[in-house]
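Close look at the chain arrangement
Residue-level listing of the chains:
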Amino acid sequence: MLSISNTTVKYSGEVPFTIDPISQKNYSELNIITHAHSDHIKISKNGRYNAFIAHPATIELLKQGLDFDANFIPSEYNKPIKLNGNTITLLNSGHILGSSAVLVENDKTRFAITGDINTTETNVSRPIKPIEDLDFMIIESTYGLEKYQFPKRPEGYTQINNWVKQAIRNNKMPVIITHRLGKTQEIVKELNKSNFGYIALPTETLDSNEVYNLYGKKLKNMLPLEEVRDANCVVLPPSKYNQEMINYISFISGKRADYLHVTGHNLKNCVNLSSHSDYKGLLDFIGTSKPKMVYTYHGHTDGLSRGIEKELGIKSKAADEINTNTL
Ligand SMILES: [Zn+2]
Ligand SMILES: [Zn+2]
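Definitions and cut-offs
- Residues numbered from 1 in each chain as written.
- Chains lettered and ligands numbered in written order.
- Predicted model: local features only at pLDDT ≥ 70, side-chain atom pairs only at ≥ 80, totals over all residues.
- Pairing = 2+ DSSP bridges.
- Helix = DSSP H or I, 4+ residues; strand = E, 2+ residues; numbered from the N terminus.
- Axes fitted to C-alpha atoms, helices over the stretch in contact; angles between N-to-C directions.
- Contact = placed C-beta atoms within 7 Å.
- Domains from an automatic or database assignment.
- Nonpolar A, V, L, I, M, F, W, Y, C, P; charged D, E, K, R; others polar.
- Parallel < 35°, antiparallel > 145°, perpendicular 65-115°, else oblique.
- Left-handed = near helix turned anticlockwise from the far one by under 90°.
- Buried ≥ 20, exposed ≤ 12 C-beta atoms within 10 Å, placed from the backbone.
- Right-handed = clockwise from strand over helix to strand, strands pointing away.
- Core = buried A, V, L, I, M, F, W, Y, C linked by C-beta atoms within 7 Å.
- Expected span 1.5 Å × (residues − 1).
- Arc of directions from axis to C-beta.

**Quick look at the sheet that holds strand β12 (residues 173-177)**
Strand order in the open sheet formed by six strands is β14-β13-β15-β12-β16-β17, and the pairing between neighbours is parallel. Looking at which strands have only one partner, the edges of the open sheet turn out to be β14 (222-224) and β17 (270-272). Adjacent strand axes in the sheet meet at a mean angle of 30°, parallel and antiparallel pairs treated alike. The pairing of β12 with strand β15 (residues 233-236) spans three bridges and is classified as parallel. By the bridge assignment, I177 is partnered in β15 with L236. Sheet strands touched by helix α4 (residues 203-214): β13 (199-201) and β14. Its angle to β14, the strand with the most contacts, is close to 145°.

Structure follows, in structure tokens:
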């Protein structure tokens, strides 16, 4: 039996496990973490002796927010782990560094839980590949509505580059507001390519970027925010974007700040660049994977299910409980 609530998937087979428990009450002895975003995993101090399987990069990213040791078990992509009756394999899901889809195989069934996915190649990540021969797929549904259609990556990069260039020309300090893990690194990489000089970032972001560099992403020209005077650009997560921060950046840099949001949401005056697939990307991925059945979770579940049935002719429904014994 699989039960699903928002991002958390609980499997109650012979060896029970939980994927992405976001609170200790959801922990199993064995847990699998799809990626390091905080809406997918919370490692609590009291629960740290439970086992947490994740890609090594995810573990590195998670460790940075912890002041205690947890029982992490690293697992590389495409390396099956045997757990009594189940074989579990992590697969690249293309969302952020270390992000994984989870393939589960036993003698009754073969299914996959995608975690958050991106079907688009970016300058720091490779897209998820189709997962074939599945009895069923459980797919995340963020942006699973037809209205979500994102521009091609190079188009988004050009928009960001042009905006930064213009701000610098106007003697302003360009400040890009975007998610700390995933898009920030993509933007830093792009600004590096365009030789915009130094980029100021909060300490937590610099720490995350170091992990990206451990995995060969070659991000450079980065400074802590305190040294924004020597930078030509700033990248901030939404949590740090407030009046106090605006004043601080202007005060230290001696320049007025100009702001640009980079997100997947259809906000006004923003660049659409997402670490998730858009609607078409999700349908293409499902269409090439050809599972017998698709359950949707985490996001626009009903809308995506309708789209899968209508566009692909594959049976689909929003998931809360799946009885794996009857498959
Ligand atoms: Zn995520
Ligand atoms: Zn998510």
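**A few points about the domain arrangement of the protein chain**
Assigned domains within the protein chain: domain 1 (2-148 + 275-326) and domain 2 (153-272). Facing the 16 residues of domain 1 at the interface are 17 residues of domain 2. Considering only residue class, the side of domain 1 that touches domain 2 consists of seven nonpolar, eight polar and one charged.

**Details of the pairing of strand β2 (residues 8-11)**
Pairing between strand β1 (residues 2-5) and β2: four bridges, direction antiparallel. Bridging across to β2, I4 finds its partner in V9. Where β1 folds back on β2, the antiparallel hairpin that results is connected by two residues, among which N6 adopts a positive phi of roughly 50°. Pairing analysis gives three bridges linking β2 to strand β3 (residues 17-19), with the strands arranged antiparallel. Paired with V9 across the two strands is I19, which belongs to β3. Linking β2 back to β3 in an antiparallel pair, the connection comprises five residues.

**Concerning the packing of helix α6 (residues 279-289) against helix α7 (residues 301-312)**
At a minimum axis distance of 11 Å, the contact between α6 and α7 shows a crossing angle of 55°. Here α7 runs oblique to α6, going by the angle between their axes. Of the two possible hands of crossing, α6 and α7 adopt the one that is right-handed. Contact residues: Y279, L282, L283, I286 and G287 in α6; L304, G307, I308, E311 and L312 in α7. For the contact of α6 with α7, the per-class residue count stands at seven nonpolar, two polar and one charged.

**Quick notes on the pairing of strand β18 (residues 293-299)**
Most of β18 sits inside the fold, with six of its seven residues counted as buried. Alignment of strand β11 (residues 136-141) against β18, held across five bridges, turns out to be parallel. Note on β18: the bridge partner recorded for I139 is T296. Inspection of the sheet shows β18 paired to strand β19 (residues 315-318) by four bridges, in the parallel sense. Considered in β19, the bridge of Y295 is made with K317. As for the winding sense of the linkage, the β-α-β connection from β18 through α7 to β19 is right-handed.

**Some points on unusual backbone geometry**
One non-glycine residue, N221, lies in the positive phi region at around 55°. Looking at the secondary structure, you find N221 in the loop between α4 and β14. The phi torsion at H298 lies on the positive side, around 55°, for a residue other than glycine. Mapped onto the fold, H298 is located in strand β18.

**Here we look at the nonpolar core**
With 84 residues, the main nonpolar core has A101, V102, A112, M137, I138, I199 and V234 as its most contacted residues. If one sorts the elements of this core by residue count, α6 sits on top with five residues. The two domains that each donate at least three residues to this core are domain 1 (2-148 + 275-326) and domain 2 (153-272).

**Examining the environment of I41**
Relative to the helices and strands, I41 is located in the loop between β4 (30-32) and β5 (51-54). Given 23 C-beta atoms within a 10 Å radius, I41 is considered buried. Sequence separation of I41 and L62 is 21 residues, and the distance between their C-alpha atoms is 9.0 Å. I41 has contacts with D20, P21, I22, I33 and L62, leaving out every residue within four places of it along the chain.

**Here's the deal with α7**
In this model, α7 (twelve residues) spans 16 Å end to end at C-alpha, consistent with the 16 Å of a helix rising 1.5 Å per residue. Residues of α7 that are buried: T301, L304, S305, G307 and I308. Viewed along the axis of α7, the buried residues span an arc of 160°, placing them on a single side of the element. As for α7, its buried residues are in contact with β11, α6, β18 and β19. Two residues or fewer past α7, G313 is found with a positive phi of approximately 65°.

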